[in-house]
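The primary structure of each chain is shown beneath.
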Amino acid sequence: MMNGESPQDATANYADNRASPSTNPVAPMRGVSDGKTATAMSTHKGTTGTIFEAAFVDPAYTWPPAEGQGKNAIELQASTALIKSVAPNDRLDELDDDEVSLTPSMMSSDDEGAATSPRSRRNVQTTTTTTTKKRFGCCNSSTNEQIISANSSNDLVSKSSSFGSRFSKKGSKAERRAERQRRIIAKKKKRRREARARERYRRVPEGILIYRLDTSDRTITLVSGPSSNTDMNTLMTKMVVINAKPSSDISRRGIILTGVRGEIHTVVACEQRTAIAWLESMDMMLASSPNDATRAAMENQLGEGVAMNRVLSQKSTRSNWAKGKESKLSQTERDQIEERYVNLAAYSNNLIRAGAFPNSNANSQGKGKAAGGGGGIYYTVTQIHDDGEEYDEETLESIAKRRAVIKDSWDFFRMVCSLLRDKRKYDEVFRKLQLDPVYSYLNSMTGLNDPGDDMAMGGNIGADKPITQMHLTEYDDMSNSQIAKDLVRRAEVALPSLVEICKALAGSLGMEEVGVGPVKDASSALRKAEKKYEGDVLKVTDYCRALLVVKDFPTLLALLELARDSFGPLIRRVKLSTLKSDRNAKPGGYRDCIINLELKDHICEIQIHMWPMWVICGVDGFRHYRHCLEYSTDTFGDPYEALAGLDRKTMAELIVMAEEAVADMPLETLEWYHEKFILDYFAEVGLFLHHGLHEWAETTLRALIKLRCQSPDIGPDHHETITLYKYLEQALRAQKRIDEADEVAAKIAEYKQLKTNEKVEADKSTWDQWVTEPFESIVDPNKKEREEEERIKKEVRASKKAWRKIREERFRFLDAN
């Protein structure tokens, strides 16, 4: 990373250097009719912005609709779009390429007759349209949502903007004739575009409204007709937006809009990512200073004097993009950020529509392109480029590289959430295991050659490991690699003996799970020695290895006693340190017992796992341990701390990746057994909290809490449910809903009181004695320590007595041995 370069930029630069078209395939971005680009102009000449068209739910209906509802309308719409692609009487040389894809949002302000103040000249843009098929219920439909991103070009003078000056100059008769002919053709094209746009939204499915958002003038316009049950009195047809925020709709698809006249409307998108893309774009839009197009739109709504005063007197300070360091961005920087965000959202959407995630449908009913919800009926992407240019493949590659960087970041953050979730599970399991009546006895035991790994408690750091493989004289003339290979050979010789020992232990104690081998290969041994033992391969003692999973602590005590009596002279180490209450767990929270024994002049290892801990990750427990060690995740008290330092732009892009991950599982369809998607949504909550979307964080958390309460393995008083309540309290306090937050806090406090009640009572008796006998405590300052020692001794004696009783009931065969 170069000096002055941010971590995010460093990551992006690294990905740009390593990514290639072969590893980052370019999503299809072109029209379905012939793959060519179509000429179109921005709605407001001389202004920049983005135009969205998307499907929203009519308030008089529910979404998703009942099975089969709207089927015929969707089929008719799809067939109409195909039939109307080329009119019989149109001359092919007069038609725009892919003209059928053009919508009212893509018409120029001249075509619409808009009279606005003069603006700076801009370059004419061309569009590339993607049209895909989408399954809605039980039928297919053509899907179209227009997202147009226009970038200003202060240095270039477009051909269209120079028309006025060119026409005003005296030219030849042929030039004037050509200009008249061009205008006639343009008017014909305009009429055809208008007719086809009207036809396109004439057969919108029942219960769906198509709205258009134009960020250049901050307007939202209804571009489709009403449904049969639409309430015309409350229907929002056009609004100049001055504020937008998430709603608390349980579907997490709602946006609360405030218009320039003070009107408030809530619109609910058909898909989650539609709501997120719209809200983010409106947030960016409201942070910018009002332009001429916005002033004109407000004048049309309020009247010239009032509108101008409102526009000039305030800039939307409620926008998150108008706060902090983002408030210092120039308009050019804002345009660049908006373009990159729209490009990423468009690319991600194309991948989803193309069914590029074959494993994402494992827990959903959707298949391939049909997955992702019916709101995709109008979800396509149109990108704007300079006049006469094809869609630049280099630009597509750049978008793909950026997505690869953000996808890697999302995957890492999700992994951190997963690792810390499992660590909390390990901690909770160990807390419950300590309630076992025999634990105090086990906790008092001293292992053999077991200083532990906790340096604070006098342990070793690996290089001081008390046991090693036997050093043979021939090793003096061998390299580390040769020694490792010889140790692997010796491990293979010892493996059959280890198998017999494990069979005997498992048969006597009824193990939950047993595994032997495979023998560690030489390269893995060399890596472990280099990382942990300063390159000494003789300190690697798990070439020959096995694992045993015991049911509980009494079974562990029985195994230790059986091992001592059966092959005690062969035992070289018994490591119990991670199971001690005063010792740290392994990285990631895992705790186990290790027995090393010497077989055939080779030290082998038996790993003894506790079943309640083993079931959390199973055989993937080592991967969990390795990742926690590599990324030092134990330093995070909260997984959301991994987001610290990320700028708002990166956070918005991460949310796009989060929505890509849950595209096949909308929040309202999530079930308690969808663990993969529950983790995805939990990670997305962290993004919402850090991005200021507290309403959506609250909605998601309430849904996750409900699912955790429904789970037969978790329930309302589980530590994972309480963790979700903690984040819910945070989201509520951020919304200034103090009373609700206090209720959640009281529930959390009740849980803590329940779990720590025994410890509180023990501490209370000691404290009461200190207060009631102050003189005696001053005279004998060590009395408190002695009482604590005596208490521990009593606990150990009681625990040992409990073990003897259990031993008599469950492990009577130990007496025979």
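Since we're looking at a predicted model, the values are computed, not measured.

Let us now look at a positive patch on the surface. Where like charges cluster on the molecular surface, the positive patch consists of Lys173, Arg176, Arg177 and Arg180. With respect to the element layout, arginine 176 can be found in helix 4 (residues 173-200). Classification of arginine 176 as partly exposed rests on a relative accessible area of 38%.

Our next topic: helix 11 (residues 480-509). Along its length, helix 11 shows its largest kink, about 40°, at alanine 494, and proline proline 496 lies within four residues downstream of that point. In the segment just after helix 11, glycine 510 is the residue with positive phi, at about 65°.

The next point concerns unusual backbone geometry. For the bond from glycine 517 to proline 518, the omega torsion is -5°, close enough to zero to count as cis. Position of proline 518 relative to the elements: it lies in the loop between strand 13 (513-516) and helix 12 (522-532). With a phi angle near 55°, glutamate 534 is a residue other than glycine that sits in the positive phi range. You can see glutamate 534 is positioned in the loop between helix 12 and strand 14 (545-550). For glutamate 534, a relative accessible area of 69% gives the class exposed.

Taken as a whole and assessed by the stated rule, the structure comprises 40 salt bridges. When the shortest N-O distance is used, the salt bridge between glutamate 561 and arginine 807 registers 2.6 Å. With glutamate 561 in helix 13 (residues 553-567) and arginine 807 in helix 23 (residues 783-810), the pair connects residues that are 246 residues apart, well separated along the chain. Two residues, arginine 733 and glutamate 729, come together in a salt bridge whose shortest N-O distance is 3.0 Å. Note that arginine 733 and glutamate 729 are positioned in helix 19 (residues 719-734) at a spacing of four residues, about one turn of the helix. Through salt bridges with shared partners, a single ionic network connects Glu698, Arg702, Arg737 and Glu740.

A few words on the pairing of strand 10 (residues 254-259). In terms of burial, strand 10 is largely enclosed, as five of its six residues are buried. As paired strands, strand 9 (residues 238-246) and strand 10 are joined by five bridges and run antiparallel to one another. If you follow valine 241 over to strand 10, its bridge partner there is glycine 259. Where strand 10 and strand 11 (residues 264-268) come together, five bridges link them in antiparallel fashion. Across the sheet, residue glycine 254 finds its bridge partner in strand 11, namely valine 268. Counting the residues that bridge the hairpin from strand 10 to strand 11 gives four residues, and of these glycine 262 lies at a positive phi of roughly 90°.

Right, let's get into the state of the cysteines. Per the stated rule, a full pass over the model turns up zero disulfides. Cysteine 604 takes part in no disulfide bond, and the closest cysteine sulfur, belonging to cysteine 544, lies 3.7 Å away.

Overall, mixed pairing links the five strands, which are arranged 13-14-17-16-15 in an open sheet. Only two strands of the sheet have a single partner each, and these edge strands are strand 13 and strand 15 (571-575). Here the average twist between neighbouring strands, direction ignored, is 15°. Where strand 14 and strand 17 (residues 602-610) come together, six bridges link them in parallel fashion. Following the sheet pairing, leucine 548 is matched in strand 17 by isoleucine 608. Of the strands in this sheet, strand 13, strand 14, strand 16 (593-599) and strand 17 touch helix 11, which is tilted by about 40° from strand 17. Sheet strands in contact with helix 13 are strand 14, strand 15, strand 16 and strand 17, and its direction is about 15° off that of strand 16.

Quick look at the confidence of the model for the chain now. Confidence along the chain averages 75 in pLDDT terms, with 69% of residues attaining 70 or more. Across residues 1-44 the pLDDT falls below 50, and counting only partners more than four positions away or on other chains, this stretch makes 94 contacts in the model. Here residues 762-778 is modelled with pLDDT under 50, and outside its nearest four sequence neighbours on either side it reaches six contacts, counting other chains as well.

Here the focus is the packing of aromatic side chains. All chains considered together, the criterion is met by 17 aromatic pairs. Judged by centre distance (5.5 Å) and plane angle (85°), the rings of tryptophan 672 and tyrosine 673 are edge-to-face. Every member of this aromatic cluster is reached through a ring pair, and the members are Trp410, Phe413, Tyr640, Phe682 and Tyr727. A cation over an aromatic ring shows up here: arginine 591 above the ring of phenylalanine 430, its NZ or CZ 3.9 Å from the ring centre.

Turning next to the side chain of glutamine 272. Inspection of the secondary structure assignment puts glutamine 272 in helix 5 (residues 272-287). Residue glutamine 272 is classed as buried on the basis of its relative accessible area, which comes to 6%. Beyond its immediate stretch of four places on either side in the chain, glutamine 272 contacts Ser251, Arg252, Arg253, Glu659, Val662, Pro666, Leu667, Glu668 and Tyr681.

Attention now moves to the packing of helix 19 against helix 20 (residues 738-755). Two elements in contact, helix 19 and helix 20, have axes whose closest approach is 9 Å; the angle formed by their N-to-C orientations is 155°. The orientation of helix 19 relative to helix 20 falls into the category roughly antiparallel. You can see that helix 19 and helix 20 cross each other, and the crossing is left-handed. Facing helix 19, whose interface residues are His719, Ile722, Tyr725, Lys726, Leu728, Glu729, Leu732 and Arg733, helix 20 presents Ile738, Glu740, Ala741, Asp742, Val744, Ala745, Lys747, Ile748, Tyr751 and Lys752.

In this section: the nonpolar core. Among the nonpolar cores identified, the biggest contains 79 residues, and Tyr211, Ile255, Leu257, Trp278 and Met282 are the most heavily contacted of them. Excluding its chain neighbours within four sequence positions, the residues that come into contact with methionine 282 are Leu213, Ile220, Val241, Ala244, Ile255 and Leu257. If you look at the next biggest cluster of nonpolar residues, it comprises 67 residues, including Tyr426, Ala525, Val537 and Leu576.

Each value, and the rule that gives it
- Residues numbered from 1 in each chain as written.
- Predicted model: local features only at pLDDT ≥ 70, side-chain atom pairs only at ≥ 80, totals over all residues.
- Heavy atoms only, no water.
- Patch = residues over 30% accessible without salt bridge, like charges linked within 9 Å, V, L, I, M, F, W, Y side chains within 5 Å.
- Areas by Shrake-Rupley, 256 points an atom, 1.4 Å probe, with all protein chains shown as cover.
- Salt bridge = Lys/Arg side-chain N within 4 Å of Asp/Glu carboxyl O.
- Lys, Arg positive; Asp, Glu negative; His and termini not counted.
- Charge placed at Lys NZ, Arg CZ, Asp CG, Glu CD.
- Helix = DSSP H or I, 4+ residues; strand = E, 2+ residues; numbered from the N terminus.
- Buried < 20%, exposed > 50% of the residue type's maximum accessible area, 1.4 Å probe, protein only.
- Bend = angle between axes of the 7 residues up to and from the residue.
- Pairing = 2+ DSSP bridges.
- Disulfide = S-S within 2.5 Å.
- Axes fitted to C-alpha atoms, helices over the stretch in contact; angles between N-to-C directions.
- Contact = heavy atoms within 4.5 Å.
- pLDDT = per-residue confidence, 0-100.
- Phe/Tyr/Trp six-rings, centres within 6.5 Å; stacked < 30°, edge-to-face > 60°.
- Lys NZ or Arg CZ within 6 Å of the ring centre and 35° of its normal.
- Parallel < 35°, antiparallel > 145°, perpendicular 65-115°, else oblique.
- Left-handed = near helix turned anticlockwise from the far one by under 90°.
- Core = buried A, V, L, I, M, F, W, Y, C linked by side-chain atoms within 4.5 Å.

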